Amino acid sequence: METVRDRVIAIIAEQAVLEPSDVELTHSLEDLGIDSLGLVESIFAIEEAFDISVPFNANDPAASAFDISSVAAIVKAVEGLVKEQS
Amino acid sequence: MKRVVITGAGTINALGHNVPDTLAAMREGRCGIGPLDIRDVDRLAVKIGGQVRDYDEATHFNRQQTALYDRFTQFTLIAAEEAVAQSGLKFTGELSATSGVVLGTAGGGVNTWDENYRNVYEAGKNRVHPFVVPKLMNNAAASHLSMEYNLKGPSFSVATACASSNHAMGQAFWMIRSGMARAMLTGGSEAMLCFGGVKAWEGLRVMSKEACRPFSLGRSGMVQGEGAGVFVFEERGHAVKRGADILAEVVGFAMSSDASDIVMPSKQGAARAISAAVADARVAPESVGYINAHGTGTAANDKTECAAVADAFGAHADDLMISSTKSMHGHLIGGTGAVELLACIMALRDGVVAPTIGYEEPDPECALDVVPNVAREAKVDVALSNAFAFGGLNAVLALRAA
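If you're wondering where the values come from, they're calculated on a predicted model, not measured in any experiment.

### Here we look at the environment of B:Ser189
Residue and element names in this part refer to chain B.
Then comes step 1: Positionally, Ser189 belongs in strand S6 (residues 183-190).
Then comes step 2: Among the residues examined, Ser189 registers a relative accessible area of 2% and is labelled buried.
Then comes step 3: Along the backbone, Ser189 and Leu393 are 204 residues apart, and their C-alpha atoms lie at a distance of 18 Å.
Then comes step 4: When residues no more than four places from it in sequence are discounted, the contact partners of Ser189 are Phe72, Phe75, Thr76, Gly104, Thr105, Gly227, Ala228, Gly334 and Gly335.

Structure (structure tokens):
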């Protein structure tokens, strides 16, 4: 079965126009060339894919409860939300 | 070149249903933003807005009229009635032929789109009211003003998102200045506070769920508003000759395009529009005492706008006042510049500068005098009104005391 990690990586890879195999857990979104618009789109895609609501305000991403500092952080945050909101 | 003056002003917005009530609210620093009272609000993540309260269309318009007037057109007609009455103008003969209407709106009849999509998609109806198209079109408000006041000169609508009203008023100004028109009704209107209109903005993730706090550290984004502002712009000689009360003179206008990003603002684009408006007005930059900021309350706009003002004015940026009245009436999108021009007129005419309310803590990236929380008495000779739209389209007006 496809894990949360695989699906999040697939979403991020699509946004970055990369193959999922090129996305490392240690990458930041900046490393992958994803800008603020790309980030908002990725979060939308994640919400749709997992049917969850992601607490994120584009005005001040750092202040949001949702950690976007790396691919690993995003995967972890989504895993938490899926568990919490299921 | 002809000189252009303002001889009438009208509005309806979250702060009041006319100009005196709106200016009183701005003086008191009153907030018009509150819980949204719209259908399906429980399905929205953003539940606040600067809504026009205590409004019943039936007290202003009959059944035949409401069948044709979307909420944005209704707001326009109400604001125009106040403006034209104040100006004392009657548009007949030669004046009628040389007077027109230029109005800004970003969305036009959004409520009409929303209601009719509900009917055909949600309710499964296969028939819509015959006037859906003439009700929702962006130029409906301009056309109804033209008909209502017999304005037969150049008339059209402008849609440049959040700069629509300023672009519209700039065109009206240039038409009179060039001698092409004698008088113009101008300004703008927006009525997007319906389920679809708010849901679309929610998607961008820049909306605040609590308040609009421009320039304040920890601000959480923008808040939508609704309403209209309409002005009578008139050739100065014509106004003086008939002894009209002149509210202010429009002295300059400039536009620029960032040519860079569809949503992120650019300091250079904004600064170029500000400097060009001051140059067009042929006033010294040091004579500008007040700027009504675009001041949306987003992280991106506010720091970019402050940097642009600092660039355009140099050391004088620290001496002028800049406030965002969106903190009180919300962001009227395509109508915002029109309502905000009222704050410029109040500064020039009454010597009262409207505050930026909801201000909590200084942001080092917005280190200008933003007139926090309390209105200020000051003599202002020249005022600017900034508008910077999504899509990177900037429009700045310059006004001088009459």
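### Remarks on the state of the cysteines
Then comes step 1: Counted according to the given criterion, the structure contains zero disulfides over all chains.
Then comes step 2: The closest cysteine sulfur to the non-disulfide-bonded B:Cys366 is located on B:Cys306, 4.1 Å from its own sulfur.

### A word on the domain arrangement of chain B
All names here are of chain B.
Then comes step 1: By the assigned domains, chain B splits into domain 1 (4-241) and domain 2 (253-400).
Then comes step 2: Domain 1 and domain 2 are separated by 21 Å when their C-alpha centres are compared.
Then comes step 3: Contact with domain 1, which involves 61 residues of that partner, is made by 63 residues of domain 2.
Then comes step 4: Here domain 1 meets domain 2 over a buried area of about 4700 Å², counting both sides, of which 70% is carbon and sulfur.

### Overview of the interface of chain B and chain A
Then comes step 1: On the side of chain A, ten residues touch chain B, which itself brings 13 residues to the contact.
Then comes step 2: There are one salt bridge connecting chain B and chain A.

### Examining the pattern of salt bridges
Residues and elements named next belong to chain B.
Then comes step 1: Counted by the stated rule, this structure contains 22 salt bridges over all chains.
Then comes step 2: Between Arg39 and Glu122 there is a salt bridge whose closest N-O contact spans 3.6 Å. Highlighted residues: Arg39 in the loop between strand S2 (34-35) and strand S3 (48-49) and Glu122 in helix H6 (residues 110-122), separated in sequence by 83 residues.
Then comes step 3: Members of the salt-bridge network, linked through shared partners, are Arg39, Asp40, Arg118 and Glu122.

### Focus on the packing of aromatic side chains
Residues and elements named next belong to chain B.
Then comes step 1: Under the counting rule described, the total for this entry stands at six aromatic pairs over all chains.
Then comes step 2: Note on Trp113 and Tyr117: the rings are 5.7 Å apart at their centroids and 40° apart in plane angle, and the pair reads as tilted. With Trp113 and Tyr117 both in helix H6 and four residues apart, the pair spans about one turn of that helix.
Then comes step 3: Residue Trp113 is classed as partly exposed on the basis of its relative accessible area, which comes to 38%.

### Overview of the packing of helix H1 (residues 4-16) of chain A against helix H3 (residues 71-85) of chain A
Residue and element names in this part refer to chain A.
Then comes step 1: Contact geometry of H1 with H3 gives a least axis separation of 9 Å together with a crossing angle of 125°. As far as their axial angle goes, H3 and H1 are oblique. Crossing of H1 against H3: the hand is right-handed. The segment H1 lies against H3, with Val4, Arg5, Val8, Ile9 and Ile12 engaging Val71, Ile74, Val75, Val78 and Glu79.
Then comes step 2: Partitioned by chemical class, the residues of the contact of H1 with H3 number eight nonpolar, no polar and two charged.

### Let's talk about the packing of helix H9 (residues 164-177) of chain B against helix H15 (residues 336-350) of chain B
Residues and elements named next belong to chain B.
Then comes step 1: One way to put it is that H9 packs onto H15 with a least axis distance of 6 Å and a crossing angle of 70°. Our classification of the angle between H9 and H15 gives roughly perpendicular. In contact with Ser165, Asn166 and Met169 of H9, H15 contributes Thr336, Gly337, Ala338 and Leu341.
Then comes step 2: Looking at the contact of H9 with H15, its residues break down into three nonpolar, four polar and no charged.

### Side note on unusual backbone geometry
All names here are of chain B.
Then comes step 1: The phi torsion at Asp54 lies on the positive side, around 50°, for a residue other than glycine.
Then comes step 2: Inspection of the secondary structure puts Asp54 in the loop between S3 and helix H2 (57-60).
Then comes step 3: Positive phi is not limited to glycine here, since Ile333 has a value of about 50°.
Then comes step 4: Along the chain, Ile333 falls in the loop between helix H14 (326-329) and H15.

### Section: the pairing of strand S1 (residues 4-13) of chain B
Residues and elements named next belong to chain B.
Then comes step 1: Of all ten residues in S1, ten are buried, a share of seventy percent or more.
Then comes step 2: Where S1 meets strand S8 (residues 248-257), three bridges bridge the pair, whose relative direction is antiparallel. Residue pairing across strands places Val4 opposite Val250, the latter belonging to S8.
Then comes step 3: Bridge analysis of S1 against strand S7 (residues 227-235) gives nine bridges, and the strand direction is antiparallel. What sits directly across from Ala9, in S7, is Phe231.

Cut-offs used in this document
Residue positions are counted from 1 within each chain, in the order its sequence is given. The naming scheme follows written order: chains are lettered A onward, ligands numbered 1 onward. With the structure being a predicted model, the display of local features is reserved for residues of pLDDT at least 70 and the display and counting of side-chain atom pairs for 80 or more, all residues being used for whole-chain, interface and lining totals. Working from all heavy atoms in the structure, the side-chain values ignore hydrogens and water. The helix and strand labels rest on DSSP assignments: H or I over at least four residues marks a helix, E over at least two residues marks a strand, and numbering proceeds from the N terminus. Only protein chains enter the area calculation, which uses a 1.4 Å probe; residues under 20% of their type maximum are buried, those over 50% are exposed, and those in between are partly exposed. Should any heavy atoms of two residues lie within 4.5 Å, those residues are counted as being in contact. Note that a disulfide, as used here, is simply two cysteine sulfur atoms within 2.5 Å. Delimitation of the domains relies on an automatic or database domain assignment. Using a 1.4 Å probe, buried area is obtained as the accessible area two parts lose upon being combined, added over both of them. Any carboxyl oxygen of Asp or Glu within 4 Å of a side-chain nitrogen of Lys or Arg constitutes a salt bridge here. The pairing test for Phe, Tyr and Trp rings, Trp by its six-membered ring, is centres within 6.5 Å, and the orientation test on the planes gives stacked under 30 degrees, edge-to-face over 60, and tilted for anything in between. Angles shown run from 0 to 180 degrees and are taken between the N-to-C directions of axes, each axis being a line fitted to C-alpha atoms and, for helices, limited to the stretch in contact. Angle categories: roughly parallel below 35 degrees, roughly antiparallel above 145, roughly perpendicular from 65 to 115, and oblique for all the rest. Put simply, a crossing is left-handed when the front helix is turned counterclockwise from the back one by less than a right angle, and right-handed when it is turned clockwise. Amino acid classes used here: Ala, Val, Leu, Ile, Met, Phe, Trp, Tyr, Cys and Pro are nonpolar; Asp, Glu, Lys and Arg are charged; the rest, including Gly, are polar. DSSP bridges decide pairing: two strands pair if at least two such bridges lie between them.

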